[in-house]
Amino acid sequence: MAGLEWVMQNGGDALLLVAVDRHAADTPGAYPCRVVGTFSPVEQRFFPAADDGQRIRRLLAEIGVPGNLLGCAYLRTALTLLLEEPGLSRTISRNLYPRVAEQHSTTPACVERAIRHAIAQTFARGGEGYRAALGRLASSVGDRPTNAEFLAQTAERLRLGA
């Protein structure tokens, strides 16, 4: 892979294998580092990192987003796009929702509404999973985050290694 450097970093009990993209490091808003896996010196074994789809599903389940809602599928797609292109978080209504809608053959308004409903249901059930996984609410208004806040906080958590 051209442009990638592989780096081992101390991650406490294990060594982290990190891929550093030299080209992405020069791009504003890009995240040039990605954890590829961990190496346990005790077990002398390499554990590959979970792919983005698995990490997204795991985090949404941990937060408490009901998996049977259409908004959960839209959230998975939106978070995948946000991980691929972090700049989309600044233009959710203009760019992110239309791209998710295109992939699911629906309208951006339906995507926005389904995501809002999924977030509302998460908080109607208490929202303890959200608070445990992501900390306190960033929103000072209301008892649940807006779609943009939810997507931004969740995507940031995934970038930091959820």
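Everything below is about the structure shown above.
Residues numbered from 1 in each chain as written. Predicted model: local features only at pLDDT ≥ 70, side-chain atom pairs only at ≥ 80, totals over all residues. Heavy atoms only, no water.

Novice: I'd like to hear about the overall build of the protein chain, residue by residue, with values.
Specialist: Along the protein chain, the regular secondary structure elements total 6 helices and 4 strands. Reading the helices (α) and strands (β) of the protein chain from amino to carboxyl end gives β-β-β-β-α-α-α-α-α-α. Every one of the 162 residues in the protein chain was classed for burial, and the buried ones make up 36%. For the protein chain, contacts bridging at least 24 residues in sequence account for 44% of all contacts bridging at least 6. For the protein chain, the accessible surface area stands at approximately 9300 Å², while carbon and sulfur atoms represent 52% of it. (Helix = DSSP H or I, 4+ residues; strand = E, 2+ residues; numbered from the N terminus. Buried < 20%, exposed > 50% of the residue type's maximum accessible area, 1.4 Å probe, protein only. Contact = heavy atoms within 4.5 Å. Areas by Shrake-Rupley, 256 points an atom, 1.4 Å probe, with all protein chains shown as cover.)

Novice: I'd like a rundown of the packing of helix α1 (residues 52-63) against helix α2 (residues 70-84), residues and numbers included.
Specialist: In contact at an axis separation of 10 Å, α1 and α2 are set at 130° when each is read in the N-to-C sense. By the angle between their directions, the pair α1 and α2 is classed as oblique. Pair α1 / α2 crosses with right-handed handedness. On α2, the residues that touch Asp52, Ile56, Arg57 and Leu60 of α1 are Cys72, Leu75, Arg76, Leu79, Thr80 and Leu83. Within the contact of α1 with α2, the residues separate by chemical class into 6 nonpolar, 1 polar and 3 charged. (Axes fitted to C-alpha atoms, helices over the stretch in contact; angles between N-to-C directions. Parallel < 35°, antiparallel > 145°, perpendicular 65-115°, else oblique. Left-handed = near helix turned anticlockwise from the far one by under 90°. Nonpolar A, V, L, I, M, F, W, Y, C, P; charged D, E, K, R; others polar.)

Novice: How would you explain helix α3 (residues 92-104) if you had to name every residue and give the values?
Specialist: Those residues of α3 lying buried are Ile92, Leu96, Tyr97, Val100 and Ala101. Mapping the buried residues of α3 onto a view down its axis gives an arc of 130°, with all of them on the same face. The exposed residues of α3 that point more than 90 degrees off its buried face are Arg94 and Glu102. Turning to α3, the residues buried within the fold contact α2, α4 (108-124) and α6 (147-159). A positive phi of about 55° marks serine 105, the residue just after α3. (Arc of directions from axis to C-beta.)

Novice: Break down unusual backbone geometry for me, citing the residues and quoting the values.
Specialist: The phi torsion at serine 105 lies on the positive side, around 55°, for a residue other than glycine. Turning to its location among the elements, serine 105 is positioned in the loop between α3 and α4. Residue serine 105 is classed as exposed on the basis of its relative accessible area, which comes to 70%.

Novice: Describe the nonpolar core, listing the residues and the values that go with them.
Specialist: One finds Leu96 and Leu151 to be the most contacted residues of the largest nonpolar core, which totals 33 residues. Going through the elements one at a time, α1, α2, α3, α4, α5 (128-134) and α6 are the ones with two or more residues in this core. Take this core: its biggest share by element is 8 residues, from α2. When residues no more than four places from it in sequence are discounted, the contact partners of leucine 151 are Leu75, Ala78, Leu79, Leu82, Ile92, Leu96 and Tyr97. (Core = buried A, V, L, I, M, F, W, Y, C linked by side-chain atoms within 4.5 Å.)

Novice: Give me the pattern of salt bridges: which residues, what numbers.
Specialist: Enumeration over the complete set of coordinates arrives at 3 salt bridges. For the salt bridge of glutamate 85 with arginine 99, the shortest nitrogen-to-oxygen distance reads 2.9 Å. With a gap of 14 residues between them, glutamate 85 in the loop between α2 and α3 and arginine 99 in helix α3 connect regions that are remote in the sequence. Overall, the relative accessible area of 31% leaves arginine 99 in the partly exposed class. Here arginine 116 makes a salt bridge to glutamate 112, at a shortest N to O gap of 2.9 Å. Of the two residues, arginine 116 and glutamate 112 are both situated in helix α4; the distance of 4 residues between them amounts to about one turn of the helix. A relative accessible area of 31% places arginine 116 in the partly exposed class. (Salt bridge = Lys/Arg side-chain N within 4 Å of Asp/Glu carboxyl O.)

Novice: How would you summarise the packing of α2 against α4 if you had to cite specific residues and measurements?
Specialist: Relative to each other, α2 and α4 sit at 110°, their axes nearing to 8 Å. The angle between α2 and α4 places the two elements in the roughly perpendicular class. Mapping the contact onto sequence places Leu70, Gly71, Cys72, Tyr74 and Leu75 in α2 and Cys110, Val111, Ala114, Ile115 and Ala118 in α4. In the contact of α2 with α4, the residues fall into 9 nonpolar, 1 polar and no charged.

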